[in-house]
Amino acid sequence: DNDTVYAALGRPMVRFVLDGGVSTIFAYGQTGSGKTYTMTAIEMRTAYDLFALQQPQHFDEHGQSLLKIFVSCFELLGNEASDLLNNHSPVQILEDTFGQVNIKDALEFEVNHPEELQSLIQRASEFRKTSSTFKNDTSSRSHAVFQIRVINTAIPAAENGRLFLIDLAGSERASDALYHDKSRLKETQAINKSLMCLKDCIRNRVKATKEPSKHLHIPYRQSKLTHLLKDAFELESFRLCKSVVIACISPSAVDHSHTVNTLRYAAPIKVAVLNKKVTEFTDPDDPSGWTNAQLADWVSVKSKNKVNTDILCPFETGLQICRLPEAEFIRRLLQASTYGEKRAKMFYVELWGLVIDARTRAREK
């Protein structure tokens, strides 16, 4: 049921976002297979957990939350985006000169209670574009994107946590489009094109992680949907990201071919590497392969012994410290030193710069 799905997939992603990570949850499947039903349940439970799961470090001495939560909702069809909370006004997804993807002209609301967020989600859902098709009387004809942004006011220098909840438009085969008019056919082409681009991006991103020495192109700029999720797909990104794809299938025997297609779409996303040997880190400049002692040595040299490594990395290896969300790393560093937020942010970027350089060297070999 939805509670089981959310407990296994949704709640860990919410915790990750509250600590400054980037989380994405997709629902994929044929039209009428329960994607919107599943995502609506996840959205409503997420609205509650964003407040319920906040930890002691997220509150000040007066018990007031240090986190500010904002939400925006828009839909995507092909390369066109419109605001679901502002009468379908046009929205632009643009990348600035610093490589940051921004959502321009979308209304963003600050929420202070779960009920406020749930109300906005419900309001946006009512404005989503649907049409009657051969398979479904209320088929979603766009990708609905709910972006939740979490700002940690205690550490302004840290990047915002972001949660993307995406209800993908239903996939359709050629036979499903026999009764479509010209506009429905155009929508179907745009939907299928973006879904294939999404699959290619996710699969190649997973392969690149498992095989860092192999060059793989990740075509995230071919679609506005994948461009929006640049941090999750770009190999050089220093943001910690997690993604989950929920494959929704119909229990009807009539739809068995759709079910097979859905599973074929989803199966390659989780790429298994069989008989893979244990990774041996041979690059001494790659933090991912450092022991706790090597990490502590680097921190001491880099900071000129101004950082207490017993507080910053009491037991973590290089790989474990790199997996810490940015906000948590900066919080520890502020406690372990006399650094200000700007210097702590630079320290984090310098560490991740070594990781990215090591990845680049591995691909060039």
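Cut-offs and rules
Residues numbered from 1 in each chain as written. Predicted model: local features only at pLDDT ≥ 70, side-chain atom pairs only at ≥ 80, totals over all residues. Heavy atoms only, no water. Helix = DSSP H or I, 4+ residues; strand = E, 2+ residues; numbered from the N terminus. Buried < 20%, exposed > 50% of the residue type's maximum accessible area, 1.4 Å probe, protein only. Contact = heavy atoms within 4.5 Å. Areas by Shrake-Rupley, 256 points an atom, 1.4 Å probe, with all protein chains shown as cover. Arc of directions from axis to C-beta. Polar contact = N/O pair within 3.5 Å; in protein donor to acceptor, adjacent residues only side chain to side chain. Salt bridge = Lys/Arg side-chain N within 4 Å of Asp/Glu carboxyl O.

S.K.: What should I look at first to understand the overall build of the chain in this one?
M.R.: Within the chain, the secondary structure is distributed over 12 helices and 11 strands. When burial is assessed residue by residue, the chain has 49% of its 365 residues classed as buried. Within the chain, contacts between residues separated by at least 24 positions form 67% of all contacts whose residues are at least 6 apart in sequence. Counting only carbon and sulfur atoms, one obtains 53% of the accessible surface of the chain, whose full area is about 18200 Å².

S.K.: Explain helix α7 (residues 256-266) to me, please; I cannot follow it from the model alone.
M.R.: Residues lying three or four places apart along an α-helix face the same way, a consequence of the helix completing one turn every 3.6 residues. Those residues of α7 not exposed but buried are His 258, Thr 259, Thr 262, Tyr 265 and Ala 266. The arc that holds every buried residue of α7, seen down its axis, measures 125°, which confines them to one face. Seen from the open side of α7, the exposed residues pointing more than 90 degrees away from its buried face are His 256 and Arg 264.

S.K.: Whenever I open this one, the side chain of Ser 194 confuses me. Can you help?
M.R.: With respect to the helices, strands and loops of the structure, Ser 194 is situated in helix α4 (residues 182-210). There is a polar contact of 2.7 Å between the side chain of Ser 194 and the side chain of His 143.

S.K.: How should I be thinking about the pattern of salt bridges in this particular structure?
M.R.: All chains considered together, the criterion is met by 15 salt bridges. Here Glu 159 makes a salt bridge to Lys 345, at a shortest N to O gap of 3.3 Å. Placement of Glu 159 in the loop between β9 (143-152) and β10 (161-167) and of Lys 345 in helix α12 (residues 341-364) is noted, with a sequence separation of 186 residues between them. The exposure class assigned to Glu 159 is partly exposed, which follows from its relative accessible area of 27%. The class for Lys 345 is buried, based on a relative accessible area of 16%.

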